[in-house]
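Structure at a glance
The primary structure of each chain is shown beneath.
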Amino acid sequence: MKPAYVADLKADQTVTTFFLVCEKELRTTREGKPFLRLELGDRTGTIEARLWDNAEEVSASVDRDDFVKVQARVELYRNKTQLSLDRLRRATAEEIDPGDFFPHTTQDVEQLYARLREFAASISNPWLRRLCQSVIEDPAMVPGLKRAPAAKTMHHAYLGGLLEHIVSLCTLCRSVAACYPEADPDLLLTGAILHDIGKINELSYERSFGYTDQGQLLGHIIMELELLTKKMDAIDGFPPPLKALVQHLIVSHHGRYEFGSPKLPMFREALMLHYLDDLDSKLASIRASLASDKGEGDWTAWSSALERRLLRVDRFLQADAPPASQQAPQQLQLDAAAGGSGRKD
């Protein structure tokens, strides 16, 4: 276990610890002096860092995705912690435990994958079932499907996050479809299984999370549209109208043009997919914010994914709860009858 993690860092603290270089950029000040800007990370998050002395020499000695040992001061700049680096060098293999650096889903990946296969097998439409199975059981896709994050930073941003998100969304779609009998559950579930499959190749995740060259140039929507079109074309007799619906589910699932959707959702299941995908993503972002110790009082730190701070409701309610001595006599009697648990059921 390394000495300090990103989540542990507090202002005015001096630390000596190890990080992964997520981003590296040699810049110059207004006076023309070079300095090194880095984004350093571990399994708990990332933090911006700057090295002011010997920037060019140090920059030449380390690259993105290197492990480094740093000695630094933790500073607060514009209400955000960052590191001012005193020393930095590339770490040796003996100094590094990979488990310290890569966040991972807490769920069992093999169980998640088995559940995904069950969802695909439950699709009654033979064309859609065959399409989904041809993708998620493709030997070229399976390793990435089990390892890829769902995003670089926004939601499910950890190894196995994509698979966790897809299975969660499938579960959500099944439940919501039961409330709307006019919706086609097979079409909705197909969209849930396939909507982010392009992220397997859009994102890079062998060391730090980033984008592949293809991911930067095209994005996952275009990449998966190409992939799925080829998969459908390889299924002899796949109905053209159904092919168009599947393609529309993919290109519209971000919901709005400004969010990267080439088209707006134009049929019931496409609209449902967009909102349910957005819901699962937002709740994952909330979960991550609430799990972090950063923030003040009953409020989390600012969430860039949600563009707000979040109230820690459990703390908020606990702080406002009256002490036992001030509870109503009836409540105290109920608590005593329930063995002090306060239960009323």
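To keep things clear, this report deals only with the structure shown in the data block. (Residues numbered from 1 in each chain as written. Predicted model: local features only at pLDDT ≥ 70, side-chain atom pairs only at ≥ 80, totals over all residues. Heavy atoms only, no water.)

1. What to know about the overall build of the protein
Filter applied, for reference: Only DSSP runs of H or I reaching four residues or more are called helices, and only runs of E reaching two or more are called strands; each is numbered from the N terminus. Accessibility here uses a 1.4 Å probe with only protein chains present; expressed as a share of the type maximum, an area under 20% marks a residue as buried, one over 50% as exposed, and anything in between as partly exposed. In what follows, a contact means two residues having at least one pair of non-hydrogen atoms within 4.5 Å. With residues, only the protein chains shown are counted as cover, and all accessible areas are computed by Shrake-Rupley using a 1.4 Å probe.
Check the secondary structure of the protein and you find 13 helices and nine strands. Taken over the C-alpha atoms alone, the protein extends approximately 70 × 65 × 40 Å along its principal axes. For the protein, the proportion of its 345 residues judged to be buried stands at 43%. Across the protein, every contact between residues at least 6 apart in sequence was considered, and the portion connecting residues at least 24 apart equals 55%. With an accessible surface of roughly 18,700 Å², the protein has 52% of that area assigned to carbon and sulfur atoms.

2. What to know about unusual backbone geometry
One non-glycine residue, Asn-54, lies in the positive phi region at around 55 degrees. Positive phi values are uncommon outside glycine, yet Asp-65 reaches one of about 75 degrees. Mapped onto the fold, Asp-65 is located in the loop between helix H1 (55-61) and strand S4 (67-77). The partly exposed category is assigned to Asp-65, whose relative accessible area is 26%.

3. Some thoughts on the packing of aromatic side chains
Convention followed: Whether two aromatic rings pair depends on their centres lying within 6.5 Å, for rings of Phe, Tyr and Trp, where Trp uses its six-membered ring; planes under 30 degrees apart make the pair stacked, over 60 edge-to-face, and the rest tilted.
Within this structure, the stated rule accounts for four aromatic pairs. Ring centres of Trp-127 and Phe-238 lie 6.0 Å apart, and the angle between their planes is 70 degrees; on these two criteria the pair is classed as edge-to-face. Placement of the pair is Trp-127 in helix H3 (residues 126-136) and Phe-238 in the loop between helix H9 (220-233) and helix H10 (240-252), with a sequence separation of 111 residues. One aromatic cluster is present, built from ring pairs that chain together Phe-67, Phe-101 and Phe-102.

4. Some points on the pairing of strand S2 (residues 34-42)
Regular strands place their side chains on alternate faces of the sheet. Here is the rule: In this scheme, strands are said to pair when DSSP sees at least two bridges between them.
Counting buried positions along S2 gives eight out of nine residues, so the element sits mostly inside the fold. In this structure, strand S1 (residues 14-28) lies alongside S2, joined through eight bridges in antiparallel fashion. Bridged to Arg-27 within S2 is Phe-35. Connecting S1 to the antiparallel partner S2 that follows it, the hairpin turn spans five residues, and Gly-32 within it adopts a positive phi of roughly 90 degrees. Of the pairings in the sheet, the one linking S2 to strand S3 (residues 45-51) comprises seven bridges and is antiparallel in character.

5. Quick word on the pattern of salt bridges
Rules: Each salt bridge in this description consists of a side-chain nitrogen of Lys or Arg and a carboxyl oxygen of Asp or Glu lying within 4 Å of one another.
For the structure on display, the rule yields 21 salt bridges. Between Asp-233 and Lys-243 there is a salt bridge, with the nearest N and O atoms lying 2.7 Å from each other. Taken as a pair, Asp-233 in helix H9 and Lys-243 in helix H10 lie far apart in primary sequence, ten residues in all.

6. Considering H9
Rules: Helix span is expected to be 1.5 Å times the residue number reduced by one.
The end-to-end C-alpha distance of H9, which contains 14 residues, comes to 20 Å, matching closely the 20 Å that a straight helix rising 1.5 Å per residue would cover. Those residues of H9 lying buried are His-220, Ile-221, Met-223, Glu-224, Leu-228, Thr-229, Lys-231 and Met-232. On the buried face of H9, the contacting elements are H3, helix H6 (185-194), helix H7 (199-202), helix H8 (213-218) and H10.

7. With respect to the nonpolar core
A general trend in soluble globular proteins is that nonpolar side chains are found buried together. We count it as follows: Residues belong to a common nonpolar core when they are buried Ala, Val, Leu, Ile, Met, Phe, Trp, Tyr or Cys residues joined through side-chain atoms within 4.5 Å.
Counting 60 residues, the largest nonpolar core has Leu-116, Leu-131, Leu-145, Leu-163, Cys-170, Ile-193 and Leu-194 as the members making the most contacts within it. In terms of residue count, helix H5 (residues 161-177) provides more of this core than any other element does, eight residues in total. With sequence-adjacent residues up to four places away left out, Ile-193 is seen in contact with Leu-116, Phe-119, Ala-120, Ile-123, Cys-132, Ile-136, Ile-166 and Cys-170. Core analysis: the next-biggest nonpolar cluster, separate from the first, contains 22 residues, Phe-19, Ala-49, Val-58 and Leu-88 among them.

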